[in-house]
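Close look at the chain arrangement
Spelled out, the chains give:
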Number of protein chains: 4
Amino acid sequence: MQTPKRGRGRPPNTPAAIERRRTEIIEAAYEVFADKGYHAAGIADIAARLEIGHGTFYRYFDNKRDILDHVVDYGVGRVLALVVPDDLAEATTREELRAQLTTLGTRIFTEVVDRDPRLPRMILFEVTAIDAELLQRVLGLLETVGALVSPLLLNGVRRGFLRADLDVEAAARALTGCVIAGLFALVRKSMTTTERERYIDTVVSMICDNVEPKPAQSPRGRAKKSASS
Amino acid sequence: MQTPKRGRGRPPNTPAAIERRRTEIIEAAYEVFADKGYHAAGIADIAARLEIGHGTFYRYFDNKRDILDHVVDYGVGRVLALVVPDDLAEATTREELRAQLTTLGTRIFTEVVDRDPRLPRMILFEVTAIDAELLQRVLGLLETVGALVSPLLLNGVRRGFLRADLDVEAAARALTGCVIAGLFALVRKSMTTTERERYIDTVVSMICDNVEPKPAQSPRGRAKKSASS
Amino acid sequence: MQTPKRGRGRPPNTPAAIERRRTEIIEAAYEVFADKGYHAAGIADIAARLEIGHGTFYRYFDNKRDILDHVVDYGVGRVLALVVPDDLAEATTREELRAQLTTLGTRIFTEVVDRDPRLPRMILFEVTAIDAELLQRVLGLLETVGALVSPLLLNGVRRGFLRADLDVEAAARALTGCVIAGLFALVRKSMTTTERERYIDTVVSMICDNVEPKPAQSPRGRAKKSASS
Amino acid sequence: MQTPKRGRGRPPNTPAAIERRRTEIIEAAYEVFADKGYHAAGIADIAARLEIGHGTFYRYFDNKRDILDHVVDYGVGRVLALVVPDDLAEATTREELRAQLTTLGTRIFTEVVDRDPRLPRMILFEVTAIDAELLQRVLGLLETVGALVSPLLLNGVRRGFLRADLDVEAAARALTGCVIAGLFALVRKSMTTTERERYIDTVVSMICDNVEPKPAQSPRGRAKKSASS
DNA sequence: GATGAATGAGCATTCATTCAT
DNA sequence: CATGAATGAATGCTCATTCAT
């Protein structure tokens, strides 16, 4: 009955090999958690996927909860690697910024989501339910991501192609929210390329083409803010 | 062999009383789930909170999962009751819309969140992790809420105080995302009134003061929109 | 949700009415136990079948175990009524006995089993598993039934158309066993009329055409027993 | 949250050891079920009897119902091992058959029952009540046992020392029934050796000394059946 | 008398974790 | 180091029984 399945028998001795094993386990755990959810998944599932004994798991991680932190790192790392990278070049025109943000958005929805649609669900919904600490961690992560956008906006304000009185922090958070809403939508059901593009355009425009409120109906009032800047 | 002794019997006999009891249990479950999380919570906790036998729970709900649906209804109902209500009056000017949206945002962050900060966490993070069905349900709910905003925007477009080419659907979704980001921030840590106000202002402005992009590079060319407006 | 189903509202006041109610409950219990088995059946099932409150059950019977005794009585009573009755007339010839036994057997397999195939399963397999007492009771019942046959055989011996040295008790028990085997077979799967007849004939013949063993191999030896009789 | 401390770990690693453990558990389950009955018995009882954790039980069997099949195998195996074995030698005379059957009967009542009087009760009354499948299984088993006798009888018919028109199938079933009746009697109360012997003799004689019905007693009457039919 | 709301003992089952091999 | 056998805390759920109405 109990197939006396042989372990892999690849004994990691060197520090490097140990690290490799840890990574394997994390990846396996990611897969298992993504497929079945944290609670429904068992350590045995993870071990089975690697064809290692489940006792072995505990040689690399303290407990089930412990590995989750690493899985989050792994997942978030994957996102950031694909999204954040390079083009930190400061935009010099509104259109450059528009292009930057559009690229960013496209990447998130394409690179990330298409590569593994379970990822956003995993991070946003699976992990956040485990305990307060992980929730805070993920929320902090999102905040951090938002913080990455701030400089771009600040640069726009400084260079004058974004409205001078823009609350950069708030706008960055709003932008993050727009991304989240997009992810929510994708978790819910897939979107066509056109839908994605239009959504991204709309959001980017909300940032880039956001002008100071005109003195409303009031006839000849000069824009007050331009003066103050 | 079996010695089930007691049977005190405080009997909700009338349909009304039964409904009351159901509500009590739902509220208790809400509290327990909000405090300990769905998985950590036991039926016994819910029963204990009401000082009823845990068998009684099963007279009113089929099982642990069953009540969760009702808890969601209860939670969502609370939100909607506070937020959605009346002011369906169509805005006739940009400033009216701005006011409408600002009020809406303020309500969400104040009425809802201040009344029970656990509510958004419960709905967004606790419930969504249980199973695919509930996840879809919550996401659908958010979509629905977004759909409620569309008419407001569409009205603005029709009346000419929102940019003519606005993708109303996308903008509504973006707006929803901004709300979510705000809730995320509030789940993470409380915000000062000023912070909230500034965030709301920023978001509302992103919608209301979003103009059609100028012909890009073209130097000092007059904004075409200004002409059309 | 809980359809507040009204009780029958037929309040048994007179002793006769009370007895009628008891009988109703016993019959309902018989049905329920026969359908679902004693353990799988609940008091609620019995009550539901009669559309009475399940508390009412306890006004007529002490507990679940208690009613089983009555159900057995009811079931056994049905059998006996159909099988045992009248023709106690003493057979005067082997053929008369043969006819008597054949009739008896036919009745058991036809009247009883055809009328309710669940009955033998109920008595033999359901009830006997409950506890030692009921097991003994059913076994005693079978013994009793066997005892009813003894006189018929004894009569045969006395009149000389059954072998003189027949162990009447043992034969009666054997005959009972043959009936039981038949019932087992019927519980297992239905039998054609022909199969039944052949089985009955075979069994009856084993009783009626059972002669004293000849002195074994010894050729023409006189039957010793005939001398002793 | 989870503090599953222990993990002593006496490890049946080899397939042989695993099988041994399985057998231990089956035996323990047999004892427990025989003593308390299936429903009254708990997995904990079985585990306690072996002084193992009750979680261990589930390493070897899927669930409570699962092991019952094995317990039946175990019980039936014990019976068959003691009863069925060897002497397949074909009888050449009626007396040899008589001896064969007598031996068989004696074995059943002595070897089997004396060794563990609970066994027949277990198989016939405990197991058959669990569910339809097990009931059918046991009944099928009995049928099979009956089928083992058929050849013996058929042989007798062929050799001419059993009546030529014997319905071998029916007779085998009847014989099985006689054995069952004997077991019933033994479950009810013990029998003296003499009682057993007389019962066996009577039954065996019913088979071996069963002759074709004479044309009845009626003096010069032609065989009435041929006439009347 | 009838009712059914309430009750909680009881139990099967899961699975993270330990540790002897 | 790796393993997986053993473990038992923990929990959802059922249902016979009681008793206030």
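Refer to the structure presented above.
Residues numbered from 1 in each chain as written. Chains lettered and ligands numbered in written order. Predicted model: local features only at pLDDT ≥ 70, side-chain atom pairs only at ≥ 80, totals over all residues. Heavy atoms only, no water.

1. Remarks on the pattern of salt bridges
All names here are of chain A. Per the counting criterion, the structure on display carries 86 salt bridges over all chains. Arginine 98 is paired through a salt bridge with glutamate 95; the nearest N and O atoms lie 2.8 Å apart. Taken as a pair, arginine 98 and glutamate 95 lie in helix H5 (residues 94-115) at a separation of 3 residues, close to a single helical turn. Using a relative accessible area of 14% as the deciding quantity, one classes arginine 98 as buried. (Salt bridge = Lys/Arg side-chain N within 4 Å of Asp/Glu carboxyl O. Helix = DSSP H or I, 4+ residues; strand = E, 2+ residues; numbered from the N terminus. Buried < 20%, exposed > 50% of the residue type's maximum accessible area, 1.4 Å probe, protein only.)

2. Points about helix H6 (residues 118-126) of chain B
Within H6 of chain B, 7 of the 9 residues are buried, which leaves the element mostly enclosed by the surrounding structure. Of all the residues in H6 of chain B, the buried ones are Leu119, Pro120, Met122, Ile123, Leu124, Phe125 and Glu126 of chain B.

3. So, the relation of the copies chain D and chain C
In the superposition of chain D on chain C (RMSD 0.2 Å, axial shift 0.1 Å), the rotation amounts to 179°. In the structure described here, the two chain copies are related by an operation that fits a two-fold rotation axis. Of the residues that chain D buries at the interface, 96% are likewise interface residues in chain C, meaning the two copies contact each other through the same surface. (Least-squares fit on C-alpha atoms with pLDDT ≥ 70 in both. Contact = heavy atoms within 4.5 Å.)

4. Structural notes on the environment of leucine 162 of chain D
All names here are of chain D. Relative to the elements of secondary structure, leucine 162 occurs in the loop between helix H7 (132-159) and helix H8 (168-188). For the pair formed by leucine 162 and asparagine 210, sequence separation is 48 residues and the distance between their alpha carbons is 7.4 Å. Setting aside residues up to four positions removed in sequence, leucine 162 forms contacts with Leu97, Leu153, Gly156, Val157, Ile207 and Cys208.

5. A look at the environment of valine 149 of chain C
All names here are of chain C. Counting through the fold element by element, valine 149 comes out in helix H7 (residues 132-159). The buried category is assigned to valine 149, whose relative accessible area is 10%. Here the alpha-carbon distance between valine 149 and alanine 171, two residues 22 residues apart in the chain, equals 9.1 Å. If we skip the residues at most four places from it in the chain, valine 149 touches Leu101, Ala172 and Leu175.

6. Remarks on the interface of chain D and chain C
If you look at the interface, chain D gives 47 residues, while chain C gives 45 residues. Around 4100 Å² of area is buried between chain D and chain C when both sides are counted, 64% of it from carbon and sulfur atoms. When the buried surface of chain D facing chain C is broken down by residue, Arg173, Arg188 and Met206 of chain D rank first, second and third, together holding 16% of it. In this assembly, chain D and chain C are joined by 4 salt bridges. Residues arginine 198 of chain C and aspartate 167 of chain D are paired through a salt bridge, measuring 2.7 Å at the closest nitrogen-oxygen approach. Here chain D and chain C share 10 residue pairs in polar contact (both at pLDDT 80 or more) between them. (Buried area = accessible area lost by both parts, 1.4 Å probe. Polar contact = N/O pair within 3.5 Å; in protein donor to acceptor, adjacent residues only side chain to side chain.)

7. Thoughts on helix H1 (residues 15-36) of chain C
Residue and element names in this part refer to chain C. Taking 1.5 Å per residue, 22 residues should reach 32 Å; H1 reaches 31 Å between its end C-alpha atoms and fits that length. For H1, the set of buried residues is Ala17, Arg21, Arg22, Glu24, Ile25, Ile26, Ala28, Ala29, Tyr30, Val32, Phe33 and Ala34. Each element contacted by the buried residues of H1 is listed here: helix H2 (43-50), helix H3 (54-60), helix H4 (64-83) and helix H6 (118-126). A positive phi of about 90° marks glycine 37, the residue just after H1. (Expected span 1.5 Å × (residues − 1).)

8. Here we look at the packing of aromatic side chains
Scanning the model with the defined rule gives 24 aromatic pairs over all chains in all. When the centroid spacing of 6.4 Å and the interplanar angle of 45° are considered together, the rings of phenylalanine 109 of chain B and tyrosine 199 of chain B count as tilted. Residue phenylalanine 109 of chain B is located in helix H5 (residues 94-115), and its partner tyrosine 199 of chain B is located in helix H9 (residues 193-208); the two are separated by 90 residues in the primary sequence. Just as phenylalanine 109 of chain B is buried, tyrosine 199 of chain B falls in that class too. With 5.4 Å between their ring centres and 70° between their planes, tyrosine 30 of chain C and tyrosine 74 of chain C make a pair best called edge-to-face. Here the residue tyrosine 30 of chain C occupies a position in helix H1, and tyrosine 74 of chain C occupies one in helix H4, the gap between them amounting to 44 residues. Taken together, the aromatic side chains of Phe57, Tyr58 and Phe61 of chain A make up a single cluster linked through ring pairs. The ring of tyrosine 38 of chain C has lysine 64 of chain C sitting right over it, with the charged end atom 4.5 Å from the ring centre. (Phe/Tyr/Trp six-rings, centres within 6.5 Å; stacked < 30°, edge-to-face > 60°. Lys NZ or Arg CZ within 6 Å of the ring centre and 35° of its normal.)

9. So, unusual backbone geometry
Phi at glutamate 51 of chain B is positive, roughly 55°, even though this residue is not glycine. Assignment of secondary structure puts glutamate 51 of chain B in the loop between helix H2 (43-50) and helix H3 (54-60).

10. A look at the nonpolar core
If you look at the biggest cluster of nonpolar residues, it comprises 144 residues, and the most contacted ones within it are Phe33 and Phe184 of chain C together with Phe33 and Phe184 of chain D. Among all residues touching phenylalanine 184 of chain D, those that are not within four sequence positions of it are Leu124, Leu139, Leu142, Ile180 and Phe184 of chain C together with Leu124 and Phe125 of chain D. By size, the runner-up hydrophobic cluster in this structure holds 142 residues, among which are Phe125, Leu153 and Ala171 of chain A together with Leu139 of chain B. (Core = buried A, V, L, I, M, F, W, Y, C linked by side-chain atoms within 4.5 Å.)

11. Describing the packing of H1 of chain C against H6 of chain C
Residues and elements named next belong to chain C. Contact pair H1 / H6: the axes reach a minimum separation of 10 Å and the direction vectors enclose 80°. With respect to H6, the axis of H1 lies roughly perpendicular. Along the contact surface, H1 presents Tyr30, Glu31, Phe33, Ala34 and Asp35, while H6 presents Arg118, Leu119, Arg121, Met122 and Glu126. By residue class, the composition of the contact of H1 with H6 is 5 nonpolar, no polar and 5 charged. (Axes fitted to C-alpha atoms, helices over the stretch in contact; angles between N-to-C directions. Parallel < 35°, antiparallel > 145°, perpendicular 65-115°, else oblique. Nonpolar A, V, L, I, M, F, W, Y, C, P; charged D, E, K, R; others polar.)

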